[in-house]
Amino acid sequence: MHLTFTETKEEIFAVHKLSKHVSPHLHHALEIVCVTEGALELGVGEELYHMETGDVGLVFSDMIHHYQVFSTGINKADYILVPPSVTGIFADKIQNSAPECPIVKAEQLEPDVYQAIHAIMQIKEGEPMLLQAYVQIILARSMNHLNLVDKSSMASHDLVYQTVAYISGNFRKQFSLQEMAQQLGVSKFVLSRIFSKTFHCNFNQYLNEARLRYASARLENTNDTVLDICLDSGFESQRTFNRRFKERYKMTPSEYRKNQKDYFGL
C-alpha cells in the first residue's frame, strides 16, 4: 500500500512480504516491522536483535538499521514506514529519542496492536485520519515496553554514519563518488575504503542497491509505471534500470510486480 498525504506530500508504505537481507540504511520515517511467519534479525547501530513470529520492532527516525535472515523456511513480515506527520503526540520522542532495545516481544503486546497493524495493511487511499489513529494505538501500546534514551547517545556521527545518511538522502539524485566525498569533506579514496571495508561493495554497488530497494518497494506498493519508478529511483534510463534490476532480482521489474501480486493475492 502506498498513500500520499495531500497536506504534506509525505508518503506511507505498508507491505507484507518475504523477509530478506537489506543493507544498512536510514530514513526520516518511523519504521514498524511485525514478523508474521518465521524469524528475522533486525540490526540497529552495531547491535543485532532476533525477532520471532508476533514480535514487533520499532526503528525511530534517522537510525541506521538493516535486516538479516538466518533461519530456513518461509520468513515473512509486515513493514510499515510512517512519516513524522502521522506520529502525532509521539513525534518528539521518535525524533529525539531511541529505544535501547527496539523489539517488543509478542507476549508483551495487546491484541489491539495486531488489529491496528492489520488495519493499516488494509487501509485505502483517502483515509489518513484512520491511519493516524491506528499508528497511535501501536505506539501507545508499545512505548510502555521500550526504554527510551537520548538519540545522541546512540547515533554515531562518524564517517560511516555520514556515508549511510548521505546515500539515504540523495540516492534519487545523480552524483559521483568524488562529489559525495567533497560534500563530506574527505578524499574519495577514504570514502572508497568505507564502502569496501564496511559494506563489502563499491560505491556504485551500494548506490544501486539503495535505488533498487526503493524501486522494488514502489513496484510492490504502487501502480506507478515502470518508467516513472525508474526515473524517480535515480536511474538515468529504463534500459540501465532493467539491467540492474534483473541482475539483482533475477527477473524484470514487470515480472517482479506480477510475482508479488500473485504471491500475496493482491
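Residues numbered from 1 in each chain as written. Predicted model: local features only at pLDDT ≥ 70, side-chain atom pairs only at ≥ 80, totals over all residues. Heavy atoms only, no water.

Novice: I would appreciate a short explanation of the sheet that holds strand β3 (residues 22-25) in the present structure.
Specialist: The strands making up a sheet associate through hydrogen bonds between their backbones, and the pairing can be parallel or antiparallel. Across the sheet, which stays open at both edges, the four strands sit in the order β3-β8-β5-β6 with antiparallel pairing between neighbours. Of all the strands in the sheet, the pair left with one neighbour each is β3 and β6 (47-52). Across the sheet, the mean angle from the axis of one strand to that of its neighbour is 20°, orientation sign disregarded. By the bridge criterion, six bridges tie strand β5 (residues 39-44) to β6 in an arrangement that is antiparallel. Within β6, the residue paired with Leu42 across the bridge is Tyr49. (Pairing = 2+ DSSP bridges. Helix = DSSP H or I, 4+ residues; strand = E, 2+ residues; numbered from the N terminus. Axes fitted to C-alpha atoms, helices over the stretch in contact; angles between N-to-C directions.)

Novice: Mind showing me how you'd approach the environment of Cys201 here?
Specialist: Its location among the elements puts Cys201 in the loop between α6 (188-198) and α7 (203-221). When near neighbours in sequence (up to four residues on either side) are disregarded, Cys201 contacts Phe195, Ser196 and Tyr206. (Contact = heavy atoms within 4.5 Å.)

Novice: Any chance you could explain the packing of aromatic side chains here in plain terms?
Specialist: The way to describe two aromatic rings as a pair is by their centre distance and the angle between their planes. If you walk through the whole model with that rule in mind, you get 13 aromatic pairs. Summarising the aromatic geometry, the rings of Tyr67 and Tyr79 are spaced 5.5 Å apart at their centres and angled 85° between planes, so their arrangement reads as edge-to-face. Placement of Tyr67 in strand β8 (residues 65-68) and of Tyr79 in strand β9 (residues 76-82) is noted, with a sequence separation of 12 residues between them. A relative accessible area of 2% places Tyr67 in the buried class. (Phe/Tyr/Trp six-rings, centres within 6.5 Å; stacked < 30°, edge-to-face > 60°. Buried < 20%, exposed > 50% of the residue type's maximum accessible area, 1.4 Å probe, protein only.)

Novice: Got a minute to help me understand α6 in this structure?
Specialist: Residues that lie three or four places apart on an α-helix share one face, since the helix turns once every 3.6 residues. When α6 is considered as a whole, its buried residues turn out to be Leu191, Ile194 and Phe195. All buried residues of α6 fall inside an arc of 90° around its axis, so they share one side. Away from the buried face of α6 by more than 90 degrees, exposed residues Phe189 and Lys197 are located. For α6, the secondary structure elements touched by its buried residues are α4 (159-170), α5 (177-184) and α7. Positive backbone phi, approximately 55°, marks His200, located one or two places after α6. (Arc of directions from axis to C-beta.)

Novice: What am I meant to see in the environment of Ser254 here?
Specialist: Inspection of the secondary structure assignment puts Ser254 in helix α10 (residues 253-263). The class for Ser254 is partly exposed, based on a relative accessible area of 46%. In this structure, the C-alpha to C-alpha distance between Ser254 and Gln178, residues 76 residues apart in sequence, is 34 Å.

Novice: So what exactly am I meant to see when it comes to the pairing of β9 here?
Specialist: Put simply, side chains in a regular strand alternate between the two faces of the sheet. By the criterion of burial, β9 is predominantly enclosed, with six of the seven residues buried. Direction of pairing for strand β4 (residues 30-37) relative to β9: antiparallel, over a ladder of seven bridges. Bridge pairing in β9 links Val33 to Tyr79.

Novice: What am I meant to see in the pairing of β4 here?
Specialist: Burial runs high along β4: six of the eight residues are buried. As judged from the four bridges shared by β4 and strand β7 (residues 56-59), these two strands associate in the antiparallel manner. Bridge pairing in β7 places Glu31 opposite Val59.

Novice: Would you take a moment to explain the nonpolar core for this structure?
Specialist: It is characteristic of soluble globular proteins that their nonpolar side chains tend to be buried jointly. Formed by 43 residues in total, the largest nonpolar core has its most connected members in Leu58 and Ile80. Other than its neighbours up to four places away in sequence, Leu58 contacts Leu30, Glu31, Ile32, Pro99, Pro102, Val104, Leu139, Ser142 and Leu146. Listed in part, the 23 residues of the second largest apolar core include Tyr161, Phe175, Ala181 and Leu207. (Core = buried A, V, L, I, M, F, W, Y, C linked by side-chain atoms within 4.5 Å.)

Novice: I tried to follow helix α2 (residues 111-122) on my own but got confused; where do I start?
Specialist: The end-to-end C-alpha distance of α2 is 17 Å, a good match for the 16 Å that 12 residues give at a rise of 1.5 Å each. All buried positions along α2 are accounted for by Asp112, Val113, Ala116, Ile117, Ala119, Ile120 and Met121. (Expected span 1.5 Å × (residues − 1).)

Novice: Please explain the confidence of the model for the protein chain as it appears in this structure.
Specialist: Detailed reading of predicted coordinates is not advised where the pLDDT is low. Summary statistics for the protein chain give a mean pLDDT of 87 and a share of 91% for residues scoring 70 or more. The model gives residues 1-9 a pLDDT under 50, and that stretch makes 30 contacts with residues more than four places away or in other chains. (pLDDT = per-residue confidence, 0-100.)

Novice: Would you take a moment to explain the state of the cysteines for this structure?
Specialist: By definition, a disulfide links the sulfur atoms of two cysteine residues through a covalent bond. Evaluation of the coordinates by the stated rule reveals zero disulfides. Cysteine Cys34 remains unbridged, with the sulfur of Cys101 as its closest cysteine sulfur at 15 Å. (Disulfide = S-S within 2.5 Å.)

Novice: Hey, could you run me through unusual backbone geometry in this one?
Specialist: For residues other than glycine, phi is negative in most cases, and the peptide bonds are mostly trans. Of note, Asp62 is a non-glycine position whose phi angle comes to about 60°, a positive value. Its location among the elements puts Asp62 in the loop between β7 and β8. Under the relative-accessibility criterion, Asp62 is labelled buried at 19%. The backbone of Lys250 shows a phi angle near 65°, a positive value even though the residue is not glycine. Mapped onto the elements of the fold, Lys250 is located in the loop between α9 (238-249) and α10.

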